[in-house]
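One-letter residues, chain by chain:
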Amino acid sequence: MAYDKNNIFAKILRGEIAAEKIFENEFALSIKDAFPAAPIHILVLPKGEFVNFHDFMENATPEFIAGFYKAVRQTVDAIGLNDEKGYRISMNTGKAAGQSVFHYHVHITSGFGNVGHV
Ligand code: AMP
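Procedures and definitions
- Residues numbered from 1 in each chain as written.
- Predicted model: local features only at pLDDT ≥ 70, side-chain atom pairs only at ≥ 80, totals over all residues.
- Heavy atoms only, no water.
- Helix = DSSP H or I, 4+ residues; strand = E, 2+ residues; numbered from the N terminus.
- Rg over C-alpha atoms; globule rule 2.2 N^0.38 Å.
- Buried < 20%, exposed > 50% of the residue type's maximum accessible area, 1.4 Å probe, protein only.
- Contact = heavy atoms within 4.5 Å.
- Areas by Shrake-Rupley, 256 points an atom, 1.4 Å probe, with all protein chains shown as cover.
- Patch = residues over 30% accessible without salt bridge, like charges linked within 9 Å, V, L, I, M, F, W, Y side chains within 5 Å.
- Salt bridge = Lys/Arg side-chain N within 4 Å of Asp/Glu carboxyl O.

Some thoughts on the overall build of the chain
- When helices and strands are tallied, the chain shows three helices and five strands.
- Ordering the α and β elements of the chain from the N terminus gives α-β-β-β-α-α-β-β.
- Relative to its length of 118 residues, the chain is compact, with a C-alpha radius of gyration of 14 Å against a globular reference of 13 Å.
- The principal-axis extents of the C-alpha atoms in the chain amount to approximately 40 × 30 × 30 Å.
- Split into buried and exposed, the 118 residues of the chain put 40% on the buried side.
- Intrachain contacts of the chain at a sequence separation of at least 6 include 53% that bridge at least 24 residues.
- Of the roughly 7100 Å² of accessible surface on the chain, a fraction of 55% belongs to carbon and sulfur atoms.

Structure representation (structure tokens):
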């Protein structure tokens, strides 16, 4: 699938659409999910044109990949989840997995309570 420069996260990264920023560095912008599926729901967007995890791992440089996943960790630290509270990181790749925005992103969710995992 070709990257669509007009997807909603590309517009957020260009500053054309507002988002609630949690963390930002040269590799990533982390924002609150506008339609949270958990009490805490953050999205980490790489600052590059990647459709999904597969595309990202194939086409991003090793430096960018390392910087991006460090930004995921820094986002966790920024929201204070790196303690007994805990968190889940997930990513949907393709329509069959529920991906709806085709700019690669990592979900950080937390606050589910004692519900086990899905
Ligand atoms: P996915 O379904 O894995 O592609 O995740 C896309 C996520 O983007 C969903 O959790 C949506 O709630 C979220 N989302 C859609 N539009 C916006 C927006 N304008 N700002 C922040 N999050 C959004």
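Some thoughts on a nonpolar patch on the surface
- On the surface, a nonpolar cluster with roughly 230 Å² of combined accessible area is contributed by Phe-53, Met-57 and Met-91.
- On the secondary structure map, Met-57 appears in helix H2 (residues 53–59).
- For Met-57, a relative accessible area of 38% puts it in the partly exposed group.

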